[in-house]
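These are the residues of each chain, in order.
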Amino acid sequence: MIAASAGVLPLDGALVEPALSAPLSARADVADRALVKRGSGEIQPVLALADISLSFGGVAALRDIDLEVAQGEIRAVIGPNGAGKSSLLNVISGLYRPDRGRVWLGEHSFGHVPTARLAQHGVARTFQNLAVFKGLSVRDNVLMGVAHRVRAGFLRQIAGSPLARRIEAENRAAAEDVIGFLHLREVCDRAAGTLPYGLQKRVELARALVARPLLLLLDEPFAGVTLGEKHELAAHVRNARDSYGATIVLIEHDIGVVMGLSDRVAVLDYGRKIADGTPDQVRSDQAVVDAYLGVAHADETEFAL
Amino acid sequence: MDATSNPRQTLPVIDRILIGIGAVITFGVIPLAGSDYLMDAVLTPFLALALAAAGLNVLTGYAGQVSLGSAAFLAVGAYAAYNLHLRLPELPLLLDLVLAGLVAAAIGIVFGLPSLRLRGFYLAVSTLAAQFFVQWALTKFGWFSNDNPSGVIDAPALTIAGYSFTSAAGRYLFSLAVVTVATILTLLLLQSQTGRNFIAVRDHEIAAKVIGVPLLRTKLLAFGVSSFLIGVAGVLWAFAYLRTVEPAGFNLDRSFQILFIIIIGGLASLRGAFLGAAFIVVFPLILSRLGAALLGGVFDSGVLEMSQRIVIGALIIAFLIAEPRGLIALWDRFRAASAAWTGLRKTFPATDTSRS
């Protein structure tokens, strides 16, 4: 029930309270969503991967990956370089087609996720290397996040028909909401390409959040930002879950930030999932320690736990 | 919300006054007081080229799809309007104009199909196919030119609702009215979600796809709108400016000329298209007058002609090194500086908010 039908969601600026007071009421909203159950009575995960395998030529990027992400959690996927983290995200967002296995978004299952329909399924993502629209203003970038809601054809948009005007006004209200939430107000008229890197990352987050996604995929959100920005960004990610009710899957290198931020952590190594659990469980897992400290393969010791 | 800037917001008072003054001059003073030479040889071709450049800018500047087939769509517009007028004489001329634009749009969409797989130089090469195919078809099949052996067509007299627009001033006014309406409609389109989609597809296609921008529809729409505008410009070129055209007049040189206009004027700016067109039309005239006055006694006209081209080419290179974003960036900087000087206006936004 939860994933596909946008009607269940609090859409279009239903949540307009200021960010400070938002978390309390929004948590209740998250709880409501978590109560949506399957016919059988078990709680439906927002995202489930079943037996996903992917290879490029002869190189296996992902092998037999199973993953379930529960409603409202922040789930990190970590692993050394080349472990298959980005491939996993690209499979979930349909940019790659897995050789085997299925991706469940709510109650819909896909062999190959239709990228063009991700937004309708309540999925948004950011990219490892910035993917803001450099030539658009910050506000217009955020507005792009709800582009899929514009149902009026281009002639109606030129003529400014009532439908086109109503959708435009709704989208603008939603965009202003997120711009305030992520403190982008001062720069919202500037071209996104002219902003510093950390701010562009925030613009991308705002663009992903504006549609109030059920599932938010973050591809290395902390890569290349300064330490101060990292803490700020981590707070924004947590707020995104708390106030916007998004379930978050994030890929990260930086174990330090991830352990403090995530509810559960899955660890990939050479395309396999070698551990999955709370940060504490993962930290004490021998296989994870080996993977990171280089017992298994000495050339991958990028980060020590 | 108060901070929401609606794209259809009312313009600042000064801009309104400027637009008002501009309208009085262009629609009133020039037709009454301007010489035939000014309207015939300068302003009418300027308007047609500016509209064509605006059309190419929608496709290349905004949607990021390179095209070298602009002249082909000019030709399609011109020949479509000619045939509509010839074969369906009961249709009013303005309807011919719109239908000719639609024919050009249809052809543009067909040649835009490769853009789904190709980009950059590869797409540019495939749009060359439009350039050569259209020119060949117009020469090969006599039907298009009513069986004129060399494909030449003579434009009919411009008559709308009984009023004749055949004088130099009439043809100028007709062009001006068409270009004004087309530009305003294009501006409204570019400020809508469709315009944002164009830029999103240009700046990051995969991100746009993930967000839910329909790539196929957006790209083909860009090709369609662009070709429509260029097609209408082609009608103006043939009916209001030259009045006798042949397929060879719409060759690759013309496509390049329109591409240079948007590069010099500024990509992704309608005002840039107008500035670039003014530069391309007026600058050679000034240079040739200047050259003839200063060196007319020393060199013959052939040498002067060639050296003009060299000077223009060198100036374009120097200018683009100094300001790669085109004339419009210079213009905006100038306005911002003068605004800061007079203190009359707040910062002028870098995006298009007013007409040329």
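Here's what I pulled together on the structure shown here. What you are looking at is a predicted structure, and each value in this text was computed from that prediction instead of being measured.

1. Some thoughts on the environment of Gly94 of chain A
All names here are of chain A.
Alright, step 1. Looking at the secondary structure, you find Gly94 in the loop between α2 (85-92) and β4 (100-105).
Alright, step 2. Distance in space between the C-alpha atoms of Gly94 and Phe133 is 21 Å, their sequence separation being 39 residues.
Alright, step 3. Filtering out sequence-adjacent residues up to four positions away, Gly94 remains in contact with His112, Val113 and Thr115.

2. A short note on the packing of aromatic side chains
Alright, step 1. The full count for this structure, using the stated rule, is 13 aromatic pairs over all chains.
Alright, step 2. With centroids separated by 5.2 Å and ring planes inclined at 80°, the aromatic side chains of Phe56 of chain A and Tyr96 of chain A adopt a geometry described as edge-to-face. Of the two residues, Phe56 of chain A sits in strand β1 (residues 47-56) while Tyr96 of chain A sits in the loop between α2 and β4, which places them 40 residues apart along the sequence.
Alright, step 3. Between the aromatic rings of Phe111 of chain B and Phe133 of chain B, the centroid separation amounts to 6.1 Å while the plane-to-plane angle is 50°, which identifies the pairing as tilted.

3. Side note on unusual backbone geometry
Alright, step 1. Its identity as a non-glycine residue notwithstanding, Arg212 of chain A has a phi of 50°, on the positive side.
Alright, step 2. Mapped onto the elements of the fold, Arg212 of chain A is located in the loop between α6 (197-209) and β7 (215-219).
Alright, step 3. A positive phi is found at Ala268 of chain B, a non-glycine position, where the angle reads about 55°.
Alright, step 4. Examined against the element boundaries, Ala268 of chain B turns out to sit in the loop between α10 (252-265) and α11 (270-295).

4. So, the pattern of salt bridges
A side chain of one charge can pair with a side chain of the opposite charge if their charged atoms are brought near each other.
Alright, step 1. Using the criterion set out here, one finds 27 salt bridges over all chains in the structure.
Alright, step 2. One salt bridge connects Arg119 of chain B with Glu205 of chain B, and the closest N-O pair in it is separated by 2.7 Å. Of the two residues, Arg119 of chain B sits in the loop between α4 (93-112) and α5 (121-140) while Glu205 of chain B sits in helix α8 (residues 205-211), which places them 86 residues apart along the sequence.
Alright, step 3. In this structure Arg119 of chain B comes out as partly exposed when scored by relative accessible area, which is 48%.
Alright, step 4. Using a relative accessible area of 18% as the deciding quantity, one classes Glu205 of chain B as buried.
Alright, step 5. Ionic contacts of the salt-bridge type, sharing partners, join the residues Glu73, Arg75, Arg264, Lys273 and Asp276 of chain A into one network.

About the cut-offs
Residues numbered from 1 in each chain as written. Chains lettered and ligands numbered in written order. Predicted model: local features only at pLDDT ≥ 70, side-chain atom pairs only at ≥ 80, totals over all residues. Heavy atoms only, no water. Helix = DSSP H or I, 4+ residues; strand = E, 2+ residues; numbered from the N terminus. Contact = heavy atoms within 4.5 Å. Phe/Tyr/Trp six-rings, centres within 6.5 Å; stacked < 30°, edge-to-face > 60°. Salt bridge = Lys/Arg side-chain N within 4 Å of Asp/Glu carboxyl O. Buried < 20%, exposed > 50% of the residue type's maximum accessible area, 1.4 Å probe, protein only.

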